[in-house]
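Residue-level structure breakdown
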Amino acid sequence: MDATILVNRTHRLPRKAIPQTLVEPEIIFDAPVGDRKRLLAVSAAKGVEALFARGKEEGIYLCGVSGYRSYERQEELYQKKLREQPKGNEGSVHCIAPPGASEHQTGLALDVSCQAVDYQLDERFGETREGRWLKRCAPLYGFILRYPKGKEHITGYGWEPWHIRYVTRSLALYLTLTGLTLEEYYEQK
């Protein structure tokens, strides 16, 4: 799968879209060995290993929470969220991608956390030392913070300082320097 692919609510992946090769990167994970959410596409796995190693050298300890997620698993999560919604409050379902609209299906996305927020996926992560470091250093290893604050109307998702996406080093640096989201990048192509 092309590392620069745009996946969102309007650019969905088919049910059968599965990365050819998924591997388990050698990083700390908040998931048991053998859990599929520990898997990433090879390019993303190599990048995240180098990113986490650099962090460790600088006293930054990150933890992978969720990588690859199949179409079927995303469908389960989405349906569960729909069932939990109070009647008339369907708008909050936008915090979770419908099946086919999740970057996790590509194997190129990883949710990251740290001890300071009890390994939760929480906006507070963005204010931690680890979260600020990740935002600054992720592009050097080919990752972007996919859902930045202030761009919710463009990405269709709320701010997620924990969600990184592998897009190649050159594109990550370009998007970071220009402040563009992946959606904006594709609009100008």
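Before reading on, note that the structure itself is shown above.
On a predicted model such as this, the values are computed, not experimentally measured, just so you know. (Residues numbered from 1 in each chain as written. Predicted model: local features only at pLDDT ≥ 70, side-chain atom pairs only at ≥ 80, totals over all residues. Heavy atoms only, no water.)

So, the sheet that holds strand 5 (residues 143-147)
Pairing is antiparallel in the open sheet, where four strands are placed in the order 3-4-6-5. A strand with exactly one partner marks an edge of an open sheet, and here the two such strands are strand 3 (63-66) and strand 5. Geometrically, the sheet is characterised by an average inter-axis angle of 45° between neighbouring strands, direction not taken into account. Sheet analysis places strand 3 next to strand 4 (residues 109-113), joined by three bridges and oriented antiparallel. When the sheet's bridge partners are listed, Cys63 is paired in strand 4 with Ser113. (Pairing = 2+ DSSP bridges. Helix = DSSP H or I, 4+ residues; strand = E, 2+ residues; numbered from the N terminus. Axes fitted to C-alpha atoms, helices over the stretch in contact; angles between N-to-C directions.)

Regarding unusual backbone geometry
You will see that Tyr119, though not glycine, has its phi angle at about 60°, which is positive. With respect to the helices, strands and loops of the structure, Tyr119 is situated in the loop between strand 4 and helix 3 (129-137). Judged by relative accessible area, Tyr119 falls into the partly exposed class, the value being 33%. The phi dihedral of Thr168 falls on the positive side, at around 90°, and the residue is not glycine. Counting through the fold element by element, Thr168 comes out in the loop between strand 6 (160-166) and helix 5 (169-178). The exposure class assigned to Thr168 is partly exposed, which follows from its relative accessible area of 24%. (Buried < 20%, exposed > 50% of the residue type's maximum accessible area, 1.4 Å probe, protein only.)

Section: helix 2 (residues 71-84)
Residue pairs three or four apart in sequence face the same way in an α-helix, which turns once every 3.6 residues. Taking 1.5 Å of rise per residue, the 14 residues of helix 2 would be expected to cover 20 Å, and the 20 Å separating its terminal C-alpha atoms lies within 8% of that figure. All buried positions along helix 2 are accounted for by Tyr71, Gln74 and Tyr78. Taken around the axis of helix 2, the buried residues stretch over an arc of 60°, which confines them to a single face. (Expected span 1.5 Å × (residues − 1). Arc of directions from axis to C-beta.)

Looking at the environment of Glu76
As for its position among the elements, Glu76 is in helix 2. For Glu76, a relative accessible area of 46% translates into the label partly exposed. For the pair Glu76 and Pro98, spaced 22 residues apart in sequence, the C-alpha to C-alpha distance is 9.6 Å.

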